[in-house]
Amino acid sequence: MLQSPEGKTFQKIYQIVRRVPAGRVVTYGQIASALGTRQLARTVGWAMRACPDDVPWHRVINSQGAISTPRITGTANLQKALLEAEGVEFRVDGTIDLHLYGCSALVLEDL
DNA sequence: CGAATGACCAAGC
DNA sequence: GGCTTGGCCATTC
């Protein structure tokens, strides 16, 4: 069964991810930082694992600017497609330029 | 309640 | 420059 995303942090993470504008991506560290502690990155991963339909999880990537979903259920293909549909360009390595598509942490904290 | 895991990040060697 | 260790938070067994 799918855990119980009723934790306050879970909802907070979802809120932040929802604030990510289309065509932009954020790293786990940024989300964790928006929550207050960068170390929360791990919990963020758990929250993403629940990946509700209301959360554009495809805009969430790791600090390397690469997709971290392929380790789950071959969702990388879907994520890449969604991001490309939003106008995000992928490098030859399959990574994204955080310098261009990296969203500002201020937007995430703009609760 | 205690131990283990998890889609991570940063620092250390 | 690449690999290893530590750390925090939340969830699960």
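Not measured: the values here are computed from a predicted model.

Criteria and thresholds
Residues numbered from 1 in each chain as written. Chains lettered and ligands numbered in written order. Predicted model: local features only at pLDDT ≥ 70, side-chain atom pairs only at ≥ 80, totals over all residues. Heavy atoms only, no water. Helix = DSSP H or I, 4+ residues; strand = E, 2+ residues; numbered from the N terminus. Rg over C-alpha atoms; globule rule 2.2 N^0.38 Å. Buried < 20%, exposed > 50% of the residue type's maximum accessible area, 1.4 Å probe, protein only. Polar contact = N/O pair within 3.5 Å; in protein donor to acceptor, adjacent residues only side chain to side chain. Contact = heavy atoms within 4.5 Å. Near = heavy atom within 4 Å. Phe/Tyr/Trp six-rings, centres within 6.5 Å; stacked < 30°, edge-to-face > 60°. Lys NZ or Arg CZ within 6 Å of the ring centre and 35° of its normal. Arc of directions from axis to C-beta.

Q: Is there a simple way to explain the overall build of chain A in this structure?
A: Looking only at helices and strands, chain A features seven helices and two strands. In sequence order, chain A lays out its α and β elements as α-β-α-α-β-α-α-α-α. Expected size for 111 residues packed as a compact globule is a radius of gyration near 13 Å; at 13 Å, chain A falls within 12% of this value. The dimensions of chain A, computed from C-alpha atoms along their principal axes, are 35 × 35 × 20 Å. The burial tally for chain A puts 39% of its 111 residues in the buried class.

Q: It is not clear to me how the side chain of Thr 69 should be interpreted in this structure. Could you clarify?
A: Along the chain, Thr 69 falls in the loop between β2 (60–61) and α4 (70–73). Using a relative accessible area of 12% as the deciding quantity, one classes Thr 69 as buried. A polar side-chain atom of Thr 69 sits 2.8 Å from a polar atom in the side chain of Gln 79. Discounting residues that sit within four places of it in the chain, Thr 69 has contacts with Trp 57, Gly 74, Thr 75, Ala 76 and Gln 79.

Q: I tried to follow the protein's contact with DNA strand B on my own but got confused; where do I start?
A: Taken together, 18 residues are adjacent to DNA strand B, and Arg 42, Trp 46, Met 48, Ser 63 and Thr 69 come closest. Expressed as a percentage, the sugar and phosphate content of the atoms of DNA strand B within 4 Å of the protein is 51%. The side chain of Trp 46 places a nitrogen or oxygen atom 2.9 Å from a base nitrogen of DNA strand B. Looking at the surface near DNA strand B, the elements that each hand over two or more residues are α2 (28–35), α3 (41–50) and α4.

Q: Before we go on, may I ask you to explain unusual backbone geometry in this structure?
A: Leaving glycine out, the prevailing phi sign among residues is negative, and the prevailing peptide bond configuration is trans. You will see that Cys 51, though not glycine, has its phi angle at about 25 degrees, which is positive. When you line up the elements, Cys 51 lands in the loop between α3 and β2. Exposure remark for Cys 51: the relative accessible area of 32% places this residue in the partly exposed category.

Q: Where do I start with the packing of aromatic side chains in this structure?
A: How two aromatic rings sit relative to each other is given by the distance of their centres and the angle of their planes. Scanning the model with the defined rule gives one aromatic pair in all. Summarising the aromatic geometry, the rings of Phe 10 and Tyr 14 are spaced 6.0 Å apart at their centres and angled 90 degrees between planes, so their arrangement reads as edge-to-face. Of this pair, Phe 10 and Tyr 14 both sit in helix α1 (residues 8–18), four residues apart, which is roughly one turn of that helix. Directly above the aromatic system of Phe 90 lies the positively charged group of Lys 80, at a separation of 5.5 Å from the ring centroid.

Q: Sorry if this is basic, but what is going on with helix α5 (residues 76–85) here?
A: Structural remark: α-helix, 3.6 residues per turn; residues separated by three or four positions point the same way. If you check which residues of α5 are buried, you get Ala 76, Gln 79 and Leu 83. One face of α5 carries all of its buried residues, which in axial projection span an arc of 60 degrees. Of the residues in α5, the exposed ones pointing more than 90 degrees away from the buried face are Asn 77 and Ala 85. Buried residues along α5 sit in contact with β2 and α4. A positive phi of about 100 degrees marks Gly 87, the residue just after α5.

Everything listed here is a matter of geometry and, on its own, says nothing about what the molecule does.
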